[in-house]
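The chain contents come next:
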Amino acid sequence: MSPIPNTLQASGGQLNAFASAQDVHFNDLNFTQAQNVHYNYARPLDLFQLLNPLPDASHTRDRRTSPPDSQCLAGTRRDVRAQLDGWVRHGTITRDPTNHQGQDQVVHPICWMYGSFGCGKSAIAQTMAEWYAEKGRLAASFFFFRGAGRRSTVDGFVTTLAHQIAANVPGTRKFIEEAITKDPHVGHSSRSLHSQIRSLVYMPLIQGMKATKNPWNDSYPHRH
């Protein structure tokens, strides 16, 4: 064995790996020196921090502390639930939930359920949300409530939906992350509701479904 100098000469310049070493001996030694090596430890975006969703707005909230505290009793409202399920499946609502073949039926992407105060709208919505969540088919839910801070306004509405969609709908998270990376203020309350929904909800859903070739592989249209 023979000693080597403290500083080795390499093809790209000096290699100072043994600058302070003494009495070091090697046999049949080959060095390969890499230059301009960069390390990028990319971490996934913290969507909770970036989107700041409302934790008490979904169907999973504690209804006693975050009202409305309402839910359909077992076996009740079956006709309404069947009609709503028909809308989810076919985009139409009829008196006969099994008949969606009429030529006069118009497919509606939005279902507006309305009625007088206390008639059970929130109870039906809560029950339907839980029902589809159990089937793994709920993209997101949001329950407004008067006097409940941010839940009484649209501030945080879209970002809360986007946070849930990223977790529940296959293929959407990366497109939501891309939207935030491209425009960090995309979900800020100063942006129009239309702009927020398009960037954080509508486009990620469309792109995610295309990328995964239908994340829910049955005949349901994706109206959640």
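Only a predicted model underlies this, so the values are computations on that prediction, with no experimental measurement involved.

Rules and cut-offs
- Residues numbered from 1 in each chain as written.
- Predicted model: local features only at pLDDT ≥ 70, side-chain atom pairs only at ≥ 80, totals over all residues.
- Heavy atoms only, no water.
- Helix = DSSP H or I, 4+ residues; strand = E, 2+ residues; numbered from the N terminus.
- Buried < 20%, exposed > 50% of the residue type's maximum accessible area, 1.4 Å probe, protein only.
- Contact = heavy atoms within 4.5 Å.
- Areas by Shrake-Rupley, 256 points an atom, 1.4 Å probe, with all protein chains shown as cover.
- Salt bridge = Lys/Arg side-chain N within 4 Å of Asp/Glu carboxyl O.
- Phe/Tyr/Trp six-rings, centres within 6.5 Å; stacked < 30°, edge-to-face > 60°.
- Lys NZ or Arg CZ within 6 Å of the ring centre and 35° of its normal.
- pLDDT = per-residue confidence, 0-100.
- Axes fitted to C-alpha atoms, helices over the stretch in contact; angles between N-to-C directions.
- Parallel < 35°, antiparallel > 145°, perpendicular 65-115°, else oblique.
- Left-handed = near helix turned anticlockwise from the far one by under 90°.
- Nonpolar A, V, L, I, M, F, W, Y, C, P; charged D, E, K, R; others polar.
- Core = buried A, V, L, I, M, F, W, Y, C linked by side-chain atoms within 4.5 Å.

Digging into the overall build of the chain
Next up, step 1: Check the secondary structure of the chain and you find six helices and four strands.
Next up, step 2: Counting from the amino terminus, the chain carries its helices and strands in the arrangement β-β-β-β-α-α-α-α-α-α.
Next up, step 3: For the chain, with 224 residues in total, the buried portion stands at 29%.
Next up, step 4: Restricting to contacts in the chain with at least 6 residues of sequence separation, those with at least 24 account for 58%.
Next up, step 5: Of the roughly 15,200 Å² that the chain leaves accessible, carbon and sulfur atoms contribute 52%.

Digging into the pattern of salt bridges
Pairing of side chains with opposite charge becomes possible as their charged atoms draw close.
Next up, step 1: According to the stated counting rule, one finds eight salt bridges in the structure shown.
Next up, step 2: The salt bridge partner of Glu 130 is Arg 63, with a shortest N-O separation of 3.6 Å. Of this pair, Glu 130 sits in helix α3 (residues 121-134) while Arg 63 sits in the loop between α1 (47-51) and α2 (78-90); the two residues are 67 residues apart in sequence, bridging distant segments of the chain.
Next up, step 3: A salt bridge links Glu 177 to Arg 173, with the shortest nitrogen-to-oxygen separation between them at 2.8 Å. Pair noted here: Glu 177 and Arg 173 are both in helix α5 (residues 173-182), with a separation of four residues, about one helical turn.
Next up, step 4: Classification of Glu 177 as buried rests on a relative accessible area of 18%.
Next up, step 5: A residue is classified by how much of its surface remains accessible, and Arg 173, at 34% relative accessible area, is partly exposed.
Next up, step 6: The structure contains a network of salt bridges with shared partners spanning Arg 63, Asp 69 and Glu 130.

What about the packing of aromatic side chains?
For any two aromatic rings, the description comes down to two numbers: the centre-to-centre distance and the angle of the planes.
Next up, step 1: The full count for this structure, using the stated rule, is five aromatic pairs.
Next up, step 2: Note on Phe 142 and Phe 157: the rings are 5.1 Å apart at their centroids and 90° apart in plane angle, and the pair reads as edge-to-face. Here the residue Phe 142 occupies a position in the loop between α3 and α4 (157-168), and Phe 157 occupies one in helix α4, the gap between them amounting to 15 residues.
Next up, step 3: Classification of Phe 142 as buried rests on a relative accessible area of 14%.
Next up, step 4: Site record: aromatic cluster; members linked through ring pairs are Phe 142, Phe 144 and Phe 157.
Next up, step 5: For the cation-ring pair, Arg 61 lies above Phe 143, with the distance from its terminal atom to the ring centre recorded as 4.3 Å.

Observations concerning the confidence of the model for the chain
Next up, step 1: On average, residues of the chain score 82 in pLDDT, and 73% of them are at 70 or above.
Next up, step 2: Across residues 1-8 the pLDDT falls below 50, and counting only partners more than four positions away or on other chains, this stretch makes 19 contacts in the model.

Details of the packing of α5 against helix α6 (residues 193-212)
Each pair of packed helices gets described by two things: the angle between the helix axes and the distance between those axes.
Next up, step 1: Following both chains from N to C, one finds α5 and α6 inclined at 140°, their axes separated by 8 Å at the closest point. Comparing the axis directions of α5 and α6 gives the class oblique. As α5 runs across α6, the sense of the crossing is right-handed. Contacts between α5 and α6 involve Phe 175, Ile 176, Ala 179 and Ile 180 from the first element and Ser 199, Leu 200, Pro 204, Gln 207, Gly 208 and Ala 211 from the second.
Next up, step 2: Grouping the amino acids of the contact of α5 with α6 by side-chain chemistry returns seven nonpolar, three polar and no charged.

Quick notes on the nonpolar core
Next up, step 1: Ranked by internal contacts, the top residues of the largest apolar core, which has 20 residues, are Leu 51, Phe 142, Leu 161, Ile 165, Ile 176, Ile 180 and Leu 200.
Next up, step 2: If you list the elements that add at least two residues to this core, you get α1, α4, α5 and α6.
Next up, step 3: The leading source of residues in this core is α4, at six residues.
Next up, step 4: Excluding residues that lie within four positions of it along the chain, Leu 161 makes contacts with Ala 140, Ser 141, Phe 142 and Val 201.
Next up, step 5: The next biggest cluster of nonpolar side chains, apart from the first, holds 10 residues, and it includes Trp 87, Val 88, Ala 129 and Tyr 132.

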